[in-house]
Amino acid sequence: MNKQKLLFSIALLSAAIIAFQLALMQILSIVQWYHFAYMVISVALLGFGAAGTVLAIFKKTLINRIDILLPLLMISTGIIIALVTDVSQMSFIRFDSYLLFAEYSHTGKLLLTYLLFFLPFFLGALAIGLIFVKYVDNIGKIYFANLFGSGAGGMIALCLIWLFFPKQLPAFIAILPVIAGVLLLPVTKRFFFIGFTILAASVIVWKCFNPPQLILSEYKDISKTLLLPEAKITSEKTSPYGVIQTVSSPVLRYAPGMSLTAQTTAQIKMAAFINGEWFGAVTEWKRTDTSLILDYTTAALPYIMANRNKVLVLRSGTGIDVAHAISRGVKYITAVEPNSIIISTLRDEFSRETDSLFFHPGVSIHTIEPRTFLMMDTSHYDLITLPMVGTFGGSSGLYALQEQFYLTKEGFHEMWRKLNAGGVISITSWMDYPVRNPLKILATIAEVLKESGLQNPKEHIAAIRSWGTITFVMTRSPLQQAEIINIRNFSEEMMFDPVILPKLDSGERTRNNQFQDERFFDYVDQILSSESSRFYEDYDFNIKPATDNKPYFSQYIKWGNLERLGEFFGNRSLPFFEIGYLLVIITLIQISLISFILIILPLFKIGWKGKSKTGIILYFSGIGLGYMFVEMVFIQRFILYFGNPVYSASAVITSLLIFSGIGSYHSKYFSFNRKRLIILFSFIISMLIAYSIILTPILQNTIHLNLFLKLFIVFLLTAPLAFCMGIPFPAGLTQVSKTNTGAVPWAWGINGCISVISTALATIIAVEMGFTWVMLFAALAYCLPMLVQWKPR
């Protein structure tokens, strides 16, 4: 078999596998929610592990037929990639995240979905595994082609996502493995393979022109909005940020906690959605407007306190907060919105509906993550506004794992430093029950003020509440008497209630709007007291401020309090407090069981003869766990650096895989040399410990550089580590194959099984302990292969 064709084929197949992973993440983010990215990664790794097990059991039979099996497996992978999304949308297998805890049949459907998506990864991995085993003497070059192709697959997927809607992606990605198979067509059975190739080509062409119809969860915001009279989708665009859709209906309304005294209409013409989730109302602001819907909500609080001349709007979304600032006479408005596609859509296609809002001479727009902007910006402002927190009626904890860096303590500190004298930070939240969001916001504000050296934080906080929302302002200077009077007058006029204000009587807090749990006001007072730390520990939910190390603002579950919560709210209600986090835990449990059944259990059939069992287990477990943990941490750390999660993931995955591939190419220098391997692992561990300390300062001091220089720095930081992390697997596998052939499938299977669970496990560790600990656990994982007393016999 031509080795050049073989290397090119494995690169194409590897690119297709990675690209299909990213496509599935996009698809599941649309039909369900983003949490299933963890499932996709785990299922892909499960396919590799199970393929290794099958290869171990049927090694001789498969190797003897490799000339026929390789093209057959590759072309079959292409066919299944093209068709698997259609099957996943059939009613007998289609699950709904919200119903997993209400209708247990959906748990079975989730398992079927695992197995369905497992198929293309299994077939592709089996082809790659066959090549690994057959040409183990050239494992370095082959592993290099595998990793280089995987890195290229990430970039290919990114380009395709800009060009095609997610439902179209599988068909185009399926072309790659089919080409890989065609390159390796054998001389024998030519007519069979020609017919099989024609079948594959026909399926792909058919699916390119007839992509599957994606059926969104009935609980998605857009699903409910489309039930309104005459509702219709008016535009659709795709990008790595997700699918952006606008919906119009004559009965669309937007009134977040609107005053019951308001005489204005709350009608809007359009609303924008991303991946089916509410993104914002497309405002009907006109140049002649002197008031806006938001003037009749608690969000007007910072404007009624004093005049504002220079305003920063973070996560400006569809621009309603920008329009609000203009209507209040603000001269200089800086809008920060990371989603460049939504900005270009509203500015170019819907300029008439927005009255050219984004062309206003007083508005400057920056398409970058808010925290990244704050770290680069040198200006000061009279007002910094943040987007509304939560949703009307609650979100069932769907966003528990969403990294919200602008809501961390560090984020508030940066905003605080950018305020002019008399400036304020304003943030509005929906009132939820049991109360979590408002308390965590207040805790964050109070802690930041205390850490800023203020003796009496109460003098710098005001809050008012409507029937459904609460707005907090954090002031740079102590509240002035004129501001306090304005707040009281506004609350009285709009029938709002002050919650935090100097010299406030307890009766004032519920004068106009009763609250079902009046203990909320006691909680507010405790947070502002010197006993706040005790309150954080005693409260049933985690309301400690989020940090950059643990940026999960919406994560509230305390595992030690679940029993008490179950007694009060009922065990059936518990999952809906934090369904997003629980989905990852369910994924970890289910995928661990499946990986044991499909990877480890079958290996007992062939047994394990020879010594060094403990050493092999620790060696291949350590490198599998360590590598995946490092990848997770790097992606998270570089989000702020690039100001864009898509660029972060693409840069990290591409860099790690390509440089790991280069490392694997040179792995032969480390096989059978225990001293070199110990030095290698010592270097990896030292780098990981050093990065846990110095990585953040390096990124903070270079964040002002342009994109190309940032990419260069990322490659510079990741290349040495990735190069070294690419060596242990092929070096170890080569050593095992020469000294204990029977242990090769166990080494492959153990590495695959640990890699399967590592993604979800890293996420859980990050939530509970922080990303620094994930990095340190990665270093600890690499200690296992270094310290193990494993010598080849």
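Residues numbered from 1 in each chain as written. Predicted model: local features only at pLDDT ≥ 70, side-chain atom pairs only at ≥ 80, totals over all residues. Heavy atoms only, no water.

**Looking at the sheet that holds strand β3 (residues 270-274)**
To be explicit about the condition: When DSSP finds at least two bridges between two strands, those strands are taken to pair. Working definition: helices are DSSP H or I runs of at least four residues, strands are E runs of at least two. Numbering for both runs from the N terminus. What counts as an axis is a line fitted to C-alpha atoms, over the stretch in contact for a helix, and the angles between N-to-C directions run from 0 to 180 degrees. Only heavy atoms matter for contacts: two residues are in contact if any of them lie within 4.5 Å across the pair.
The sheet built from four strands is open, its strands ordered β1-β2-β3-β4 with antiparallel pairing. In this open sheet, the two strands that pair with only one neighbour each are β1 (232-239) and β4 (277-282). Geometrically, the sheet is characterised by an average inter-axis angle of 20° between neighbouring strands, direction not taken into account. Two strands pair when backbone bridges link them, and β1 and strand β2 (residues 242-248) are joined in this way by seven bridges, in the antiparallel orientation. Along β2, the bridge assignment pairs T238 with V243. Contacts between helix α13 (residues 340-349) and the sheet are confined to β1, β2, β3 and β4, with β1 contributing the most and set at about 135° to the helix.

**Overview of the domain arrangement of the protein chain**
Selection rule: Each domain's extent is set by a domain assignment, obtained either automatically or from a database. Put simply, a salt bridge is a Lys or Arg side-chain nitrogen that is within 4 Å of an Asp or Glu carboxyl oxygen. All amino acids are sorted into three groups, where Ala, Val, Leu, Ile, Met, Phe, Trp, Tyr, Cys and Pro are nonpolar, Asp, Glu, Lys and Arg are charged, and the leftover types, Gly among them, are polar.
Here the protein chain is partitioned into domain 1 (1-216), domain 2 (293-554) and domain 3 (609-793). With 14 residues of domain 2 at the interface, the matching set in domain 3 holds 20 residues. Here domain 2 and domain 3 share zero salt bridges between them. Split into classes, the residues belonging to the side of domain 2 that touches domain 3 amount to seven nonpolar, two polar and five charged.

**Some remarks on the sheet that holds strand β8 (residues 381-385)**
Spatially, the eight strands line up as an open sheet ordered β7-β6-β5-β8-β9-β11-β10-β12, and their pairing is mixed. Across the chains shown, the open sheet's two edge strands, defined by having one partner strand only, are β7 (363-366) and β12 (497-500). Put simply, the sheet's adjacent strands are angled 20° from each other on average, direction ignored. Pairing of β8 with strand β9 (residues 419-430), which is carried by four bridges, proceeds in the parallel orientation. Pairing of Y381 across the sheet is with L419, part of β9. Where helix α15 (residues 409-417) meets the sheet, it contacts β5 (310-314), β8, β9 and β11 (469-475), and its direction lies at approximately 145° from that of β9.

**A word on the pattern of salt bridges**
Basically, it comes down to this: Partly exposed describes any residue whose relative accessible area lies between the buried limit of under 20% and the exposed limit of over 50%, with all areas from a 1.4 Å probe on protein chains only and scaled to the type maximum.
Applying the stated criterion across every chain yields a total of 16 salt bridges. For R328, the salt bridge identified is with D295, shortest N-O distance 2.8 Å. On the criterion of sequence distance, the pair formed by R328 in the loop between α12 (320-327) and β6 (332-336) and D295 in the loop between β4 and α11 (301-305) is long-range, its members being 33 residues apart. On the basis of relative accessible area, R328 is assigned to the partly exposed category, the value being 33%.

**Quick word on empty space enclosed by the protein**
Condition: Definitions used throughout: a 1 Å grid over protein atoms alone; a cavity as a set of points that fits a 1.4 Å probe which cannot get out; a pocket as an open set with protein on both sides within 12 Å along at least five of seven lines; a lining residue as one with an atom within 4 Å of a point. Grid points are joined across faces, edges and corners, and a volume is the space filled by probe spheres set on the points.
A full pass over the atoms with the stated rule returns five cavities of 30 Å³ or more. The volume enclosed by the largest cavity comes to roughly 80 Å³. If you go around the largest cavity, the residues you meet are I27, L28, V31, Q32, S88, Q89, R94, F95, T113 and F117. Those elements that place two or more of their residues in the lining of the largest cavity are α1 (3-31) and α5 (105-134). Ranked by residue count, the leading element in the lining of the largest cavity is α1, at three residues. Of the residues in the lining of the largest cavity, the class split is five nonpolar, four polar and one charged. Approximately 70 Å³ is the volume found for the second largest cavity. Every residue lining the second largest cavity is listed: V633, R637, Y691, S692, I693, I694, L695, T696, P697, F771, T772 and M775. Of all the secondary structure elements, the ones that give two or more residues to the lining of the second largest cavity are α22 (613-642), α24 (674-702) and α28 (771-787). In terms of residue count, α24 provides more of the lining of the second largest cavity than any other element does, seven residues in total.

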